[in-house]
Amino acid sequence: MRQPEKKIPDISALPQPKLPNWISGLGRQSVTWSCLAAISITGVSITANATLEEVVVTARKTAESLQDTPISVTALSGDRLEDMGLSRITKLQNVTPNLVFQNTPAYSGAGNNAAVYIRGVGQKDFVPTIDPGVGIYVDEVYLGRSAGAVLDMIDIQQVEILRGPQGTLFGKNTIGGAISITTTKPNDEFGGKVDIKLGTDDRQNIRGVLNVPLSDTLYARGSFGSLQQDGYVFRPFDGKDLGNQDTVMGRLAFRWAPSDTFTADLSFDYYDDKTNGPPLLTTRVDEFPESATAIPGGNFPFIHNLFAGFSPDFGGPNPIVCTLPDAPVACFTNANAVTGDNTNLGTGPNFSEMENEAVSLTLTWELDAFTAKLIASHRSLDGEFASDRDGYAQNDGEPAVPGLPIMVNPITHYFDTFQQDQFSVELQLSGSSVEDRLNWVVGVYAFEEDGENINPVDFTTVSIQSGGYFDYSSEAAFAQATFDFTDKLSATAGIRYTKEDRDYLPDQYIQEMPLGGLPFPCFNYSDG
């Protein structure tokens, strides 16, 4: 049965909205009718020509339509990212199913740490003993650590989010998925753009791009960004606002295209992120008696309050003192430490500084039988972080009890230094055969990284140094092929070989025990 043709109503036939008295009728009516006109015109366009713009992806190392790609992938072009106002990589979680991407200072105080999960698989912090569950690739270069991986997306051509294990298409394999970022390459057109955003909390974002053809075969492209904004958690102790942003970045890229079959891309990246630390707040303190049974012997707030409430009237250390209405200000309690607003009462060091540098070279040959691509890159990062995790004032190093060799130590303070250098090289060969019914890719990959991650930590009972030094290497070979039996039926097979050597030297020891030795042999000073 033939369906009746649907007609688009004329704008003049639509009912006019009634506006509140406190809104300027003329201004609001103008905006409203502009929206309706756009909807009507769009409807006519779709009726006349019901076509969609084709989205081309390279998730399988070959350019193909997104609709023809038999894997779970979300693709966003650079123009689409700008239209949606997504200037930072963490915002991808707002438009991508099954993706959680947060800038989470989990255990360290790093203000630039990528906590990425796809389908529940990921990594919360950047401990060097564990590789990220979700790999982040910039121009096919794998970022070995999640620290410093919260990128501001300037001059991006496309972002692809792949779900599930990636082992037969990428040089460095990942188990949870991959986020592949492709930057815009230099071209033969002179042009540029500048983007300035001003907002609340003294937000000042300046970004710019300039493309310059240097000759008929050599092109250059530069991009820069300066992102600043005040934080939203205030620390009265030093007047700092936590959660602020102070980021400077730059990228310089060159493309040499001496022929139609060969291109060479060389890029330099710099990223510097300095903040006052993550916006942490104390929202609740487990007080006595819960604090006494939280762990055997009581948790750190319980032990701290034993000595904060020291009184000869109570026979020495006693947890009851910190539960009284006139408890000393040194007691770590809800009444003292929880402010109820965006105020952090901490007095310990709180900052995050991260510097990233990178250089990469990509050579591409379009040969008759196949395409060859060589990708080489060196990246380095240098970071230092501190976090006052308890968010309350303690007289660090002062006597806990007058006349006794017992000293006050912070309840929970974290420090972190992180340095990493990585070098990777990958050779890819890809092509098609059997009348373009067989598409294949093979590659070899080598990756090396070394660095250190030293973590001094202060607790009520002990100050320790954790962390260590790492030196890793990885070698891999991979291949994948897809054969199209028909236009609607195909089969894909892949194989991978990986060899990894991982050396880790712990640098862990007890620095001090402000409350004296505990009844454990490994904690006694006499044991070294």
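See above for the structure.
K.L.:
Help me understand the layout of surface pockets, please; the structure alone is not making it clear to me.
P.N.:
Where empty space is left can be seen by rolling a probe of water-molecule size over the atoms. Approximately 830 Å³ is the volume found for the second largest pocket. Along the walls of the second largest pocket sit 32 residues, with Arg 88, Asn 103, Gln 229, Gly 243 and Gln 245 positioned nearest its centre. Where the lining of the second largest pocket is concerned, the elements lending two or more residues are β4 (99–103), β12 (203–213), β13 (218–229), β16 (245–259) and β17 (262–275). Broken down by element, the lining of the second largest pocket gets its largest block of residues, three residues, from β4. Of the residues contributing to the lining of the second largest pocket, the split by class is nine nonpolar, 15 polar and eight charged.

K.L.:
Would you mind going over the sheet that holds β4 with me for this structure?
P.N.:
The strands that make up a sheet pair up through hydrogen bonds in the backbone, lying either parallel or antiparallel. Overall, antiparallel pairing links the three strands, which are arranged β4-β5-β6 in an open sheet. Every other strand in the sheet has two partners, leaving β4 and β6 (121–123) as the edge strands with one partner each. Between one strand and the next, the sheet's axes are offset by a mean angle of 10 degrees, whatever the strand orientation. In the sheet, strand β5 (residues 114–118) pairs with β6 via three bridges, with the strands oriented antiparallel. The partner of Val 116 across the bridge, within β6, is Gln 123.

K.L.:
Is there a simple way to think about a negative patch on the surface in this case?
P.N.:
Among the surface-exposed residues, Glu 353, Glu 355, Glu 357, Asp 382, Glu 384, Asp 421, Glu 448, Asp 450, Asp 471, Glu 475, Asp 501 and Asp 503 lie close enough to one another that they form a single negatively charged patch. Broken down by secondary-structure element, the contributors of at least two residues to the negative patch are β18 (351–366), β19 (371–388), β21 (438–459), β22 (463–484) and β23 (490–506). Per-element tally for the negative patch: the top contributor is β18, with three residues. Within the element layout of this structure, Asp 450 appears in strand β21.

K.L.:
Would you mind showing me how to read the environment of Gly 277 here?
P.N.:
Locating Gly 277 in the fold gives a position in the loop between β17 and α3 (290–293). For Gly 277, a relative accessible area of 3% puts it in the buried group. Linking Gly 277 and Phe 385, residues 108 residues apart in sequence, is a C-alpha distance of 7.7 Å.

K.L.:
Explain unusual backbone geometry to me, please; I cannot follow it from the model alone.
P.N.:
Most peptide bonds adopt trans geometry, and most residues besides glycine take a negative phi value. A cis amide bond links Phe 288 with the next residue in sequence, Pro 289, at an omega value of 15 degrees. Structurally, Pro 289 is set in the loop between β17 and α3. Positive phi values are uncommon outside glycine, yet Asp 139 reaches one of about 50 degrees. Inspection of the secondary structure assignment puts Asp 139 in the loop between β7 (134–138) and β8 (141–142).

K.L.:
Explain the state of the cysteines to me, please; I cannot follow it from the model alone.
P.N.:
In a disulfide, the sulfur atoms of two cysteines are held together by a covalent bond. Tallying each qualifying case throughout the model produces one disulfide. Put simply, Cys 322 and Cys 331 are joined by a disulfide, and their sulfur atoms are 2.0 Å apart. Here the S-S torsion is close to -70 degrees, and the disulfide linking Cys 322 with Cys 331 is therefore left-handed. Exposure class is identical for Cys 322 and Cys 331. Each is buried.

K.L.:
What is the right way to read a nonpolar patch on the surface from this model?
P.N.:
A surface patch of nonpolar side chains, amounting to about 530 Å² of accessible area, comprises Val 194, Ile 196, Leu 198, Ile 206 and Phe 224. At three residues, strand β11 (residues 191–199) tops the list of elements feeding residues into the nonpolar patch. Judged by its relative accessible area of 37%, Ile 206 falls in the partly exposed class.

K.L.:
Mind showing me how you'd approach the sheet that holds β7 here?
P.N.:
Read across the sheet, five strands follow the order β3-β9-β10-β7-β8 without closing on themselves; strand pairing throughout is mixed. The open sheet has two edge strands with one neighbour each: β3 (73–77) and β8. Here two bridges tie β7 to β8, and the two strands are oriented antiparallel to one another. When the bridges of β8 are listed, Val 138 appears paired with Val 141.

K.L.:
What should I look at first to understand empty space enclosed by the protein in this one?
P.N.:
Throughout the structure, instances matching the rule amount to seven cavities of 30 Å³ or more. Its boundaries defined by the atoms lining it, the largest cavity holds a volume of some 340 Å³. Along the wall of the largest cavity there are 21 residues; nearest its centre are Leu 151, Asp 152, Arg 251, Asp 269 and Tyr 271. Among the secondary structure elements, those contributing two or more residues to the lining of the largest cavity are β10 (177–183), β13, β16, β17 and β18.

What counts, and at which threshold
Residues numbered from 1 in each chain as written. Predicted model: local features only at pLDDT ≥ 70, side-chain atom pairs only at ≥ 80, totals over all residues. Heavy atoms only, no water. 1 Å grid on protein atoms, 1.4 Å probe; cavity = no way out; pocket = protein on both sides within 12 Å on 5 of 7 lines; lining within 4 Å. Points joined across faces, edges and corners; volume = space filled by probe spheres on them. Helix = DSSP H or I, 4+ residues; strand = E, 2+ residues; numbered from the N terminus. Nonpolar A, V, L, I, M, F, W, Y, C, P; charged D, E, K, R; others polar. Pairing = 2+ DSSP bridges. Axes fitted to C-alpha atoms, helices over the stretch in contact; angles between N-to-C directions. Patch = residues over 30% accessible without salt bridge, like charges linked within 9 Å, V, L, I, M, F, W, Y side chains within 5 Å. Areas by Shrake-Rupley, 256 points an atom, 1.4 Å probe, with all protein chains shown as cover. Salt bridge = Lys/Arg side-chain N within 4 Å of Asp/Glu carboxyl O. Lys, Arg positive; Asp, Glu negative; His and termini not counted. Charge placed at Lys NZ, Arg CZ, Asp CG, Glu CD. Buried < 20%, exposed > 50% of the residue type's maximum accessible area, 1.4 Å probe, protein only. Disulfide = S-S within 2.5 Å.

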